[in-house]
Amino acid sequence: MKIGIPRESLTGEKRVAITPEIAERLIALGFSVAIEPGAGIGADYADDTYLEAGALIQNAENLWSTADLILKVRSPVTSEVERMRSGSWLISFIWPAQQPELMKQFASQQLTVLAMDCVPRISRAQRMDALTSMANIAGYRAVIEAAHHFGRFFTGQVTAAGKVPPAKVFVVGAGVAGLSAIGVANGLGAIVRANDTRPEVADQIRSMGAEFVPVFFEEQGTGEGGYAKTMSEGYQKAQRDTYARQAIDVDIIITTAQVPGKPAPKLITAGMVESMKPGSVIVDLAAEQGGNCELTEPGTVVLRNGVTIIGYTDMPSRLAKQSSNLYATNILRLIEYLCPKKDGKLAIDMQDDLARGTTVVLGGEIVWPPPIPKPALPSGATSPVVYRKAAPNQLNAKKLTRTGQPFILATIGILLLMLVGSFAPPAFIAHFTVFVLACFVGYMVVWNVTPALHTPLMSVTNAISSIIGIGAVMQLADSSIVIQLLAGVALTLTAINMFGGFAVTQRMLAMFRR
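So, how was this worked out
- Residues numbered from 1 in each chain as written.
- Predicted model: local features only at pLDDT ≥ 70, side-chain atom pairs only at ≥ 80, totals over all residues.
- Heavy atoms only, no water.
- Buried < 20%, exposed > 50% of the residue type's maximum accessible area, 1.4 Å probe, protein only.
- Helix = DSSP H or I, 4+ residues; strand = E, 2+ residues; numbered from the N terminus.
- Pairing = 2+ DSSP bridges.
- Axes fitted to C-alpha atoms, helices over the stretch in contact; angles between N-to-C directions.
- Parallel < 35°, antiparallel > 145°, perpendicular 65-115°, else oblique.
- Left-handed = near helix turned anticlockwise from the far one by under 90°.
- Contact = heavy atoms within 4.5 Å.
- Nonpolar A, V, L, I, M, F, W, Y, C, P; charged D, E, K, R; others polar.
- Polar contact = N/O pair within 3.5 Å; in protein donor to acceptor, adjacent residues only side chain to side chain.
- Phe/Tyr/Trp six-rings, centres within 6.5 Å; stacked < 30°, edge-to-face > 60°.
- Lys NZ or Arg CZ within 6 Å of the ring centre and 35° of its normal.
- Right-handed = clockwise from strand over helix to strand, strands pointing away.
- Core = buried A, V, L, I, M, F, W, Y, C linked by side-chain atoms within 4.5 Å.

### Let's talk about the pairing of strand β15 (residues 307-310)
Neither face of β15 is exposed, since Val307 and Ile309 on one face and Thr308 and Ile310 on the opposite face are all buried. Inspection of the sheet shows strand β13 (residues 281-284) paired to β15 by three bridges, in the parallel sense. Each residue of the ladder has a partner; that of Val283, found in β15, is Ile310. For strand β14 (residues 301-304) and β15, the ladder comprises four bridges, and the chain directions are antiparallel. For Arg304, the partnering residue across the bridge sits in β15 and is Val307. Two successive antiparallel strands, β14 and β15, enclose a turn made up of two residues, where Asn305 displays a positive phi of approximately 55 degrees.

Below you can see the structure in the form of structure tokens.
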């Protein structure tokens, strides 16, 4: 198959679908690659670099009409689709829910179209997830744009000329773009807060060094595929109240909230903008889908009541070289998946959930949206498993069984201790008492520590506890050869434990040093 990479037609779009390095790897898979002159200039890839990789330079007219597979970043416009030959393939961002007329045109041209924005979010497809790649870049660039328009440092400083307070950043939506923005803003020294409708994201926000701002309204915000869903009116009112309080206090707001297939929700009202301090900045990453701020003007920067509102729709394109590299790699992984024989031919298995979810038009037939995947059956099962609620008497029996087990074990333990105490010498009882107390103290110390510190703490605890080796040294002087051998073995093992524990601790702590 011949792969064609045309120049992006959208004004200001600097990305290119394939880099020279990826072009070389596609040729190794059995494809021929042709690129339109100047297609990679915006991302700093000259035509000569593609020629060195083995690609051809071909004018746009021949490229569109002769290519078996067209690779693009942005979805093609009507005139470009008309130039494609019937039966050819297209891989690009498509946004099928927002472009029904374009989908009909694909079908009329008998095309096979794979949408990079429809790659299912499953573990096998992570290497092909271009949405995540671009969102990561957009979140990074959003902070850079905010810093460019903000009139102060992000980090707080104490100088001879006076004290500079740190900037306060509020991130709305903690998906990939939001978490990326949190990490960059935190790295620049700002005080970062964030909110998301999905409760499981709270720990991710805190792990990035930001404060999670909750909305005090009980409702689950996780939608299909891990995305956020449209919330109820009650939740939205509580959310607006929370955002209004943050708008008064913070200096920068970065919004990333989007619902797949729908316009972006309006979260920042004109009243909130008016309440912000002069010189504040809002970066609306949902501008392309209408924006999260009521005053956002997609594609431009506006000043309202002293607040700068950035509505750029080309954030990834503003880091064209990096985003082109990541996007090209995502496409390469998809093509490798669809070309397992490495013979330069693509094949789509519509029974495969990854290929099925990505394909929006197949040979002129619109196959989007894909069917809801069925839950996997247990091994050996031939029909769905039906879970029935247990009868009350069964539940009570299980509860009594779980409650009685600790009591039975404790009774057996006490009886064994009484048996040992009746026949063991007094010296053994004294040592055994110290051993039991040491076990109890060690248990309480370890299990009351934050889970994130368990590994370094336990390695240090093991190393310190290995001081028991002193006891082994004392027993080496015993007259019994058996006791001397046991003491030697114990000393060897505890020495390994000591040095190994400290070595592991140092390696763990080194991971947190900059």
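More follows now that the structure is in view.
### Some thoughts on the sheet that holds strand β12 (residues 252-255)
The strand order across the open sheet built from seven strands is β11-β10-β9-β12-β13-β15-β14, with neighbouring strands paired in mixed fashion. For this open sheet the edge positions go to β11 (211-212) and β14, each flanked by a neighbour on one side alone. In the sheet, strand β10 (residues 191-195) pairs with β11 via two bridges, with the strands oriented parallel. In the sheet register, Ala194 faces β11, and the bridge partner there is Phe212.

### Some remarks on the packing of helix α6 (residues 130-149) against helix α11 (residues 320-338)
In the contact formed by α6 and α11, the axes pass within 9 Å of each other and the chain directions differ by 165 degrees. Between α6 and α11, the angle falls in the class roughly antiparallel. Handedness of the crossing formed by α6 with α11: right-handed. Between α6, through Ala130, Ser133, Met134 and Ile137, and α11, the contact on the second element is made entirely by Gln322, Ser323, Leu326, Tyr327 and Asn330.

### Some words on the packing of helix α1 (residues 20-28) against α11
At their nearest, the axes of α1 and α11 sit 9 Å apart, and the two run at 10 degrees to each other. Looking at the two axes, α1 sits roughly parallel to α11. Residues Glu21, Ile22, Arg25 and Leu26 of α1 form the contact with α11, whose own contacting residues are Asn325, Ala328, Thr329, Leu332, Arg333, Ile335 and Glu336. When its residues are assigned to classes, the contact of α1 with α11 shows five nonpolar, two polar and four charged.

### A word on the side chain of Asp196
In this structure, Asp196 sits in the loop between β10 and α8 (201-207). Here the side chain of Asp196 touches Ala174 through a polar contact of 2.7 Å, landing on its backbone nitrogen. At a separation of 2.8 Å, a polar atom in the side chain of Asp196 contacts the side chain of Arg198. For Asp196, the residues in contact, after removing those within four places along its chain, are Gly173, Ala174, Gly175, Val201, Phe212 and Tyr235.

### Re unusual backbone geometry
Pro369 follows Trp368 through a cis peptide bond whose omega is 0 degrees. By the secondary structure assignment, Pro369 is in the loop between β17 (365-366) and α13 (392-423). Positive phi, close to 65 degrees, is recorded for Asp44, a residue that is not glycine. Counting through the fold element by element, Asp44 comes out in the loop between β2 (32-35) and α2 (47-53). Taking the relative accessible area as the measure of exposure, Asp44 reaches 59% and is therefore exposed. A positive phi angle, near 55 degrees, is found at Trp95, a position not held by glycine. Summarising the element assignment, Trp95 is placed in the loop between β5 (89-92) and α5 (100-108).

### Overview of the packing of aromatic side chains
Evaluated as defined, the whole model comprises four aromatic pairs. Geometrically, the ring pair formed by Phe150 and Phe154 is edge-to-face, given 6.2 Å between the ring centres and 85 degrees between the ring planes. Of the two residues, Phe150 and Phe154, both sit in the buried class. For the ring pair Phe170 and Tyr243, a centre distance of 5.5 Å and an interplane angle of 70 degrees mean the geometry is edge-to-face. With Phe170 in strand β9 (residues 168-172) and Tyr243 in helix α9 (residues 233-249), this residue pair connects regions lying 73 residues apart in the sequence. Relative accessible area serves as the criterion here: at 1%, Tyr243 is assigned to the buried category. Following the ring pairs from residue to residue traces out a cluster consisting of Phe93, Trp95 and Tyr327. Stacked on the ring of Tyr312, the Lys or Arg Arg318 has its end atom at 3.5 Å from the ring centre.

### Digging into the pairing of β2
Examined bridge by bridge, strand β1 (residues 2-5) and β2 share four bridges and lie parallel to one another. The residue of β2 that forms the bridge with Lys2 is Ser32. The sheet contact formed by β2 and strand β3 (residues 56-57) spans two bridges and is parallel. Within β3, the residue paired with Ile35 across the bridge is Ile57. Read from β2 through α2 to β3, the crossover connection turns out right-handed.

### Observations regarding the nonpolar core
By size, the foremost hydrophobic cluster in this structure holds 44 residues, and its most contacted members are Ile18, Leu26, Leu71 and Ile335. Those elements that place two or more of their residues in this core are β1, α1, β2, β4 (69-71), β5, α6, α11 and α12 (353-358). Counting residues per element, this core draws most heavily on α11, at eight residues. Once residues within four sequence positions are removed from consideration, Leu71 is found in contact with Ile3, Gly4, Ile5, Pro6, Ala17, Ile18, Leu26, Ile91, Ile331 and Ile335. Within the second largest apolar cluster, 33 residues are counted, among which are Ala135, Ala167, Ala177 and Tyr312.

### Thoughts on the sheet that holds strand β16 (residues 359-362)
Judged by pairing direction, the sheet is mixed, and its eight strands sit side by side in the order β3-β2-β1-β4-β5-β6-β16-β17 without closing on themselves. The open sheet has two edge strands with one neighbour each: β3 and β17. One ladder, built from two bridges, connects β1 with β4; its direction is parallel. Within the sheet, the bridge partner assigned to Ile3 lies in β4 and is Leu69. Strands β5, β6 (112-115), β16 and β17 of the sheet are contacted by α5, whose axis makes an angle of about 40 degrees with β16. Taken strand by strand, α11 contacts β1, β4, β5 and β6, and its axis lies near 140 degrees from that of β5.

Spatial relationships are all this shows, so hold off on functional conclusions.
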